[in-house]
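Remarks on the overall topology
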Amino acid sequence: MRSSNPVFSRRGFSRDNGYAGFNAQQPQAGGPAAGTNPYATNPYATNPYAQDAQLGAPAQAPARPGAMTIDDVVSRTAMTLGTVFVTAALAWFLLPVDPENLNKSYGIAIGAALVAFVFAMIQSFKRKASPALILLYAAFEGVFLGVISNAVSTYLSPGVVPQAVLGTMAVFAGVLIAYKMRWIRVTRRFYGFVMAAAIGFVLLMAVNMLFAVFGGGDGLGFRSGGLGILFGVIGIILGACFLALDFKQVEDGITYGAPREEAWLAAFGLTMTLVWIYLEFLRLLSILQGDD
């Protein structure tokens, strides 16, 4: 399947497990099942649930040296998120928000976000994972989050940052538990719905931003008041759906024996999704506190 994150969208791992087979091809009886899995090293590579004719049990692809493991994903994700946290903390303390010139602070944040976006796009179009690019993305993303969080906490909604962090952690834990318990099943229909909803959401927010830039105020009002609360909740739900897609991507990569360097792509995708959820929480909580 293919993940929602652009870094994964060009590297979907094929899989046929009865409920998600976006790129899979049905193997012919008695013939090799390889062909759609770029990491195929055995006849069961494209169908890890292929039935053994004699035992009637699922045949798993044998482990091979240098294959991605869950420990690889966890360690790379910890490094990437750790970089985001460190640079965010440094930006918070070393780039204090100027109350008399907030535009300067916002300019630094927007500049860092644009640089992070450039690194993200470069990585998404590379054929292989580049740890340096991914960590640079995380560093500049952290600067953006540090400045924005400081500004929001200082001048708009004091104390909102810890709440947004806790909310993000809660969503991550909740989706992970739901995915492991198979309460969430990533199907073709699920993937299509999430992608359609995400495209519509991003386009609507872009239009709202254009109206705000050229018309002033809150644009069309989708990011403030009652509509802001509604779209904040929708944004968090979309982020939770992205997490489910990312977990499926990691699961498929481990199942197929993807190269160890693909763990960096998993960390990259998870980091982008968590940043999305955090920003949606930050905006939603700011609106809620402002209405009190």
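See the structure above.
Small disclaimer: the values here were computed from a predicted structure and weren't measured.

Secondary structure summary: the chain contains 8 helices and 0 strands in total. When the helices and strands of the chain are read in sequence order from the N terminus, they spell out α-α-α-α-α-α-α-α. Burial analysis of the chain (292 residues in total) assigns 46% to the buried set. When contacts within the chain are restricted to residue pairs at least 6 apart in sequence, long-range pairs at least 24 apart make up 74% of them. Surface exposure of the chain reaches about 14,700 Å², of which carbon and sulfur atoms provide 67%.

A few words on the pattern of salt bridges. Per the stated rule, a full pass over the model turns up 4 salt bridges. Notably, a salt bridge pairs arginine 76 with aspartate 72, separated by 3.6 Å at the nearest N-O pair. Residue arginine 76 and its partner aspartate 72 are located together in helix H2 (residues 70-94), separated by 4 residues, close to a single helical turn. Take arginine 76: its relative accessible area is 18%, and that puts it in the buried class. The exposure class of aspartate 72 is buried, given its relative accessible area of 9%. Of the charged contacts in the structure, one is a salt bridge between lysine 248 and aspartate 252, with a shortest N-O distance of 2.9 Å.

This part covers unusual backbone geometry. With phi around 65 degrees, arginine 182 is a residue other than glycine that occupies positive phi space. The exposure class of arginine 182 is partly exposed, given its relative accessible area of 33%.

Going through the model one piece at a time under the given rule, you end up with 7 aromatic pairs. Ring plane angle 65 degrees and centroid distance 4.9 Å describe the contact between tyrosine 137 and phenylalanine 268, whose orientation is recorded as edge-to-face. With tyrosine 137 in helix H4 (residues 131-156) and phenylalanine 268 in helix H8 (residues 262-290), this pair connects stretches of sequence that are 131 residues apart. Look at phenylalanine 242 and tryptophan 276: their rings are 5.2 Å apart centre to centre, the planes differ by 80 degrees, and that puts the pair in the edge-to-face class. In this pair, phenylalanine 242 is assigned in helix H7 (residues 225-255) and tryptophan 276 in helix H8, connecting sequence segments 34 residues apart. Looking at tryptophan 276, the relative accessible area reads 21%, which means it is partly exposed. Ring-pair connections join several aromatic residues into one group, and the members of that group are Phe201, Phe231, Phe242 and Trp276. Here the basic side chain of arginine 182 rests over the ring of tyrosine 179, its NZ or CZ set 5.0 Å away from the ring centre.

Here we come to H7. Compared with the 45 Å implied by 1.5 Å per residue over 31 residues, the 45 Å span of H7 between its first and last C-alpha is a close match. Taken from the residues just after H7, glycine 257 is the one with a positive phi, measuring 70 degrees.

Relative to each other, H2 and H4 sit at 40 degrees, their axes nearing to 7 Å. By the angle between their axes, H2 is oblique relative to H4. Where H2 crosses over H4, the two elements pack in a sense that is right-handed. Residues Met79, Thr80, Thr83, Val84, Thr87, Ala88, Ala91 and Trp92 of H2 pack against Ile134, Leu135, Ala138, Ala139, Gly142, Val143, Leu145, Gly146, Val147, Ser149, Asn150 and Ser153 of H4.

What counts, and where the lines are drawn
Residues numbered from 1 in each chain as written. Predicted model: local features only at pLDDT ≥ 70, side-chain atom pairs only at ≥ 80, totals over all residues. Heavy atoms only, no water. Helix = DSSP H or I, 4+ residues; strand = E, 2+ residues; numbered from the N terminus. Buried < 20%, exposed > 50% of the residue type's maximum accessible area, 1.4 Å probe, protein only. Contact = heavy atoms within 4.5 Å. Areas by Shrake-Rupley, 256 points an atom, 1.4 Å probe, with all protein chains shown as cover. Salt bridge = Lys/Arg side-chain N within 4 Å of Asp/Glu carboxyl O. Phe/Tyr/Trp six-rings, centres within 6.5 Å; stacked < 30°, edge-to-face > 60°. Lys NZ or Arg CZ within 6 Å of the ring centre and 35° of its normal. Expected span 1.5 Å × (residues − 1). Axes fitted to C-alpha atoms, helices over the stretch in contact; angles between N-to-C directions. Parallel < 35°, antiparallel > 145°, perpendicular 65-115°, else oblique. Left-handed = near helix turned anticlockwise from the far one by under 90°.

The values reported here are purely geometric and, on their own, carry no functional implication.
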